[in-house]
Amino acid sequence: MTSRVRKAVFPVAGLGTRFLPATKAMPKEMLTVVDRPLIQYAVDEAREAGIEEFIFVTGRGKAALEDHFDRAYELEDTLKQRNKEAELKGLASWQPASGQVAYTRQQTPLGLGHAVLCARHLVGDEPFAVLLPDDLVLAQKGCLKQMIEVFNDQPSNIVAIEEVPREHTNRYGVLDIDRDDGKLVKVKGVVEKPQPKDAPSTLTIIGRYVLEPEVFDHLTQIGRGAGGEIQLTDGLARLIAAKRPFFGLRFEGKRFDCGDKIGFFEANLAFALARPDMRDSIQRILSRYR
């Protein structure tokens, strides 16, 4: 088994019903923040972290996502004819190479744990990352890169975490903490969407994971959990119970929930303000609404 994290899984089979009608004929992962679709931010973050193979767990209606990471010969030819060299170089700069991308189908919507399990044979017997494109992180160093740096120092299962108000714990997987060293938290348990009065902490998992392949064995055994779905959190709980090393990382950066309309709007605003070519114009626009 390789000790390096080379592969990343992107669960992208969801319907995006909270963004209807925008997502009626377009995958929610193709919604754009400024000028890039959400899925491209996730792939770029993975590439920055050293990921070499990108595994998409898709569903029906995701052809636009697959096309986005394919060559577009007609577009490239048109750009060449119009001497759009900068645009051509821009396309080439983020497009994965042939053989780096693989797709598998989650034919039945049985939850995040099931989506990850669908990628088992493509991942194989090695540690891997999971990125949820709905969680977009603005950071100088990518969230996944921060996690893999920790993994390289101490191979283990690692999740990205952040504090939430206690009244919001029923929206997340929540950590039961063994030891808190500030940046890194040793985890002794994890609970899926507990009610605030039952939550063991207010430290919650966001959509970034670095996992050992043993998680697949646990996901095949747990059956359906909360919401009638196979929950990834339940698989993580079994990893912890099996005494596998498990940590939560307080990452540096700002996370935006782009599965929510307000979070998606805020992400567009924050990412636009972070760009030198747009900052002044955005601030002038905002000043008109004060």
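It should be emphasised that the depicted structure is a prediction, and the values quoted were computed from it without experimental measurement.

Cut-offs and rules
- Residues numbered from 1 in each chain as written.
- Predicted model: local features only at pLDDT ≥ 70, side-chain atom pairs only at ≥ 80, totals over all residues.
- Heavy atoms only, no water.
- Helix = DSSP H or I, 4+ residues; strand = E, 2+ residues; numbered from the N terminus.
- Buried < 20%, exposed > 50% of the residue type's maximum accessible area, 1.4 Å probe, protein only.
- Polar contact = N/O pair within 3.5 Å; in protein donor to acceptor, adjacent residues only side chain to side chain.
- Contact = heavy atoms within 4.5 Å.

## Quick notes on unusual backbone geometry
(1) Moving on: The linkage connecting Leu20 with the following residue, Pro21, adopts the cis geometry, with an omega of 10 degrees.
(2) Moving on: Mapped onto the elements, Pro21 comes out in the loop between strand S1 (7-11) and strand S2 (32-33).
(3) Moving on: The phi torsion at Lys193 lies on the positive side, around 50 degrees, for a residue other than glycine.
(4) Moving on: Within the secondary structure layout, Lys193 lies in the loop between strand S10 (184-192) and strand S11 (203-211).

## Regarding helix H1 (residues 38-48)
(1) Moving on: Counting buried residues along H1, nine of its 11 residues qualify, which places the element largely inside the surrounding structure.
(2) Moving on: What H1 keeps buried is the set Leu38, Ile39, Gln40, Tyr41, Ala42, Val43, Asp44, Glu45 and Ala46.

## A closer look at the side chain of Asn157
(1) Moving on: Mapped onto the fold, Asn157 is located in strand S8 (residues 157-163).
(2) Moving on: Side chain to side chain, Asn157 and Glu212 meet in a polar contact 2.7 Å long.
(3) Moving on: With near-sequence residues (within four places) excluded, Asn157 lies in contact with Val210, Leu211, Glu212, Leu239, Arg244, Pro245, Phe246 and Phe247.

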